[in-house]
Amino acid sequence: MSDKLNELSGVSIQFAEVMKGYVSAEATTFEDGHADGERAGHALALHVTVRIADLAAFLEQGGHAGTLSGHIDCPLLGGVCPVQSGTFRLMPDTADRDRKVMYYQVYCTTPQGEEFTFVGNKQVQHDAPLDAWKDTTTLFVNVYRGHADPDTPAQERLLATGIISLGLTDFMQVLRGLRATDAQGGSSVAGLLAFGRFFAGKLWDVYGPHLPPAPSQPQRRYAKFTTEGVTGAAVSVHPFPTADGLRLELTRFRRAPSDDVVLVVHGLTSSSDMFIMPEHQNLVQTLLDEGYGDVWTLDYRGSCRFPYNLARTRYTFDDIALFDHPAALQELRRHIGPQRRVHVIAHCVGALTMAMSLFGKTVQGISSAILNSIALTPRVPEWSKFKLGIAPWASDNLLGIEYYNPSWRREPGFSMGKLLAWGADLVHQECDSPECYMLSLMWGSGRPALFNHANLLPVTHGRLGDLFGGVAVHYYRHVHKMVKSGNRAVKYDTANPRHAALPDDYTAHIAAQPTPILLVQGQDNRVFADSNIRCHELFQRQAPGRHRLHVVPGYGHQDIFMGRNAAQDVFPHLLAFLREHSRADGEDERNSLGVRRYG
């Protein structure tokens with residue numbers, strides 16, 4: 001410990017905060033929780049005192065932790081709930097280079113004797129002009145049943161969610177009450193100055209200017225398109241044609257005969273590789289290990305294993321729904337026969353287009369479907385709306401860009417695409433991966449947009465250039481039309497005879513579609529926002545009780561499948577739903593197993 005830190009040994013810091021806002025027991029996103037709670041009058045106030053017992057240890061240790069005491073006042077939770085124990089962390093280092101978190105976690109018991117865990121985070125990241133005040137005073141809150149493990153939020157049972165904040169008057173009271181006390185009980189000016197320098201330095205790390213990193217070419221640890229992530233199964237590849245003349249591909253992972261076959265479908269710009277990653281327990285391996293002995297992955301025309309999107313194509317999601325999914329299932333049935341049950345797990349555009357196939361009746365006879373991030377109600381952040389409106393036209397007419405490629409920055413020579421990638425480097429500072437920057441430019445809104453960095457292994461982050469490829473810009477036009485059409489999945493060109501077999505509005509006959517669907521959504525989704533939450537509301541209105549929703553705290557868009565702990569945090573929920581529909585007498589099995597019912 002340095003001499004300066006030695007001088008601060010034994011100095012304690014203490015201040016009190018009161019944050020107020022609203023929560024809801026029905027909502028699953030922070031914004032909905034605040035809005036619903038405000039309408040219902042479900043206020044929550046957090047009254048806590050933060051104490052840092054030894055400032056020297058606090059500054060030296062990476063966690064920058066203190067303790068919390070006080071109480072929570074919330075009628076929805078039964079009234080005044082004393083804090084039994086609590087932890088405060090002031091902007092410890094995270095997986096994001098320019099993002100810090102102020103973390104609050106307390107164990108409480110309601111006046112009625114029920115235990116709960118309160119977890120709140122202030123997300124300190126410079127992702128909008130003049131956002132420092134909002135970032136440092138807004139607490140995003142999840143309340144979990146029981147004294148839960150706050151390090152595994154996705155495995156816990158959510159009791160309430162919402163947003164609370166620190167007002168200007170409350171902030172002034174925090175400053176007036178800030179105390180630094182030395183070991184003898186006297187005031188410590190040196191302690192106050194040291195704590196202030198630490199806090200200001202952390203804010204400068206986030207909001208100060210930074211130069212983009214000089215990217216180095218990552219060394220491959222795994223071969224591109226490797227299948228070494230799946231063991232104990234015979235692997236076979238099954239190419240098949242579509243009616244409009246493309247060659248697509250199914251890959252079969254067969255361990256044992258099974259009456260229930262699972263088909264897994266990737267998102268746009270990725271491929272089936274996202275489900276067979278060798279660096280962590282992947283989805284295909286999990287399904288095989290859990291008794292689903294015949295698992296297939298589909299690479300449709302949106303796969304980065306194919307060159308179809310590396311040109312100025314006019315493919316739309318209607319093409320995938322009409323030509324790709326039906327042909328894939330026909331090929332699959334050719335191998336497994338007509339009697340075996342088929343279950344689908346699909347992600348992103350794979351989920352959107354599979355929903356379009358199901359509700360457009362180009363695909364039938366599916367026993368169950370699990371759709372992540374989006375189904376029939378595309379919703380995107382405001383910045384994404386702007387990009388969708390301008391990017392396709394600008395790409396075609398100003399930039400001459402035929403497709404977007406996340407690996408442009410590392411390509412030799414000069415191109416308009418590389419210039420665009422350099423621009424992304426200047427805007428993004430959250431990590432050292434230019435592929436990550438470009439993916440955030442291509443999809444969603446955030447830093448990063450596709451996932452939470454903390455959920456990815458470093459080797460996965462280094463493989464982004466292999467796991468994601470180029471995408472033609474015309475797809476963006478179809479997303480834009482859906483967003484502009486009331487956030488509904490609609491046909492892109494109603495006058496095009498090529499798609500005459502498809503409905504103009506895929507949401508028109510929801511009640512007539514019999515396949516039960518589990519909609520999955522990361523609580524931090526920054527690509528398709530709350531699309532599946534709104535889709536579930538639509539399903540409930542037109543087909544009450546047929547479909548389910550599960551929202552995963554702490555996860556975004558892509559990390560639902562590619563996250564390091566997805567096998568523990570996410571896959572059990574998917575397996576529970578699959579098992580409900582893996583026998584002809586599925587209702588009896590649900591009752592006997594006591595499977596959790598989703599939101």
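Residues numbered from 1 in each chain as written. Predicted model: local features only at pLDDT ≥ 70, side-chain atom pairs only at ≥ 80, totals over all residues. Heavy atoms only, no water.

Asks: Would you mind showing me how to read the overall build of the chain here?
Replies: Regarding its fold elements, the chain presents 20 helices and 19 strands. The C-alpha atoms of the chain give 25 Å as radius of gyration, which agrees with the globular expectation for 599 residues (25 Å, within 12%). Here the C-alpha coordinates of the chain stretch approximately 80 × 65 × 45 Å along the principal axes. The buried share of the chain, taken over its 599 residues, is 59%. Once local pairs closer than 6 in sequence are excluded, the contacts in the chain between residues at least 24 apart make up 71%. A total of about 23,900 Å² of accessible surface is found on the chain, and carbon and sulfur atoms cover 52% of it. On the chain, the mean spot of the 57 positive side-chain charges and the mean spot of the 62 negative ones are 4 Å from each other. (Helix = DSSP H or I, 4+ residues; strand = E, 2+ residues; numbered from the N terminus. Rg over C-alpha atoms; globule rule 2.2 N^0.38 Å. Buried < 20%, exposed > 50% of the residue type's maximum accessible area, 1.4 Å probe, protein only. Contact = heavy atoms within 4.5 Å. Areas by Shrake-Rupley, 256 points an atom, 1.4 Å probe, with all protein chains shown as cover. Lys, Arg positive; Asp, Glu negative; His and termini not counted. Charge placed at Lys NZ, Arg CZ, Asp CG, Glu CD.)

Asks: Could you clarify how one ought to interpret empty space enclosed by the protein in this entry?
Replies: Sizing a probe to match a water molecule and rolling it over the atoms shows the empty space that remains. As enumerated under the stated definition, the model contains 1 cavity of 30 Å³ or more in all. Roughly 60 Å³ of internal volume is contained in the largest cavity. In terms of residue class, the lining of the largest cavity is built from 6 nonpolar, 6 polar and no charged. (1 Å grid on protein atoms, 1.4 Å probe; cavity = no way out; pocket = protein on both sides within 12 Å on 5 of 7 lines; lining within 4 Å. Points joined across faces, edges and corners; volume = space filled by probe spheres on them. Nonpolar A, V, L, I, M, F, W, Y, C, P; charged D, E, K, R; others polar.)

Asks: Sorry if this is basic, but what is going on with the sheet that holds strand E12 (residues 260-265) here?
Replies: Paired through backbone hydrogen bonds, the strands of a sheet run either parallel or antiparallel to each other. Strands sit in the order E10-E11-E13-E12-E14-E15-E18-E19 across an open sheet of 8 strands; the sheet is mixed. On the outer flanks of this sheet lie strand E10 (234-241) and strand E19 (548-552), each paired with one strand and no other. Sheet twist, expressed as the average angle between the axes of neighbouring strands with direction ignored, equals 20°. Where E12 meets strand E14 (residues 341-347), 6 bridges bridge the pair, whose relative direction is parallel. Counterpart to valine 261 in the pairing with E14 is valine 342. Contacting E12, E14, strand E15 (368-372) and strand E18 (517-522), helix H9 (residues 348-359) runs over the sheet at an angle of about 135° to E14. Here helix H16 (residues 531-542) sits on the sheet and contacts E15, E18 and E19; the angle it forms with E18, its principal contact strand, is near 150°. (Pairing = 2+ DSSP bridges. Axes fitted to C-alpha atoms, helices over the stretch in contact; angles between N-to-C directions.)

Asks: Can you help me understand the nonpolar core in this one?
Replies: In summary, soluble globular proteins display a tendency toward joint burial of nonpolar side chains. If you look at the biggest cluster of nonpolar residues, it comprises 121 residues, and the most contacted ones within it are Leu287, Phe317, Leu371 and Tyr404. Examining the composition of this core, we find that 10 residues originate from one element, helix H8 (residues 317-336), more than from any other. Setting aside chain neighbours within four positions, we find leucine 287 in contact with Val262, Val264, Tyr292, Val295, Ile345, Leu575 and Leu578. Ranked by size, the runner-up nonpolar core spans 45 residues in total, among them Leu8, Phe15, Val83 and Phe118. (Core = buried A, V, L, I, M, F, W, Y, C linked by side-chain atoms within 4.5 Å.)

Asks: What am I meant to see in the pattern of salt bridges here?
Replies: Close approach of charged atoms lets side chains of opposite charge pair. Counted under the stated rule, the structure contains 36 salt bridges. Residues lysine 122 and glutamate 17 are paired through a salt bridge, measuring 3.2 Å at the closest nitrogen-oxygen approach. Here the residue lysine 122 occupies a position in strand E6 (residues 115-125), and glutamate 17 occupies one in strand E1 (residues 12-24), the gap between them amounting to 105 residues. In this structure lysine 122 comes out as buried when scored by relative accessible area, which is 1%. For glutamate 17, a relative accessible area of 5% translates into the label buried. Among the charged side chains, a network of salt bridges with common partners joins Asp32, Arg379, Asp530, Arg534 and Glu537. (Salt bridge = Lys/Arg side-chain N within 4 Å of Asp/Glu carboxyl O.)

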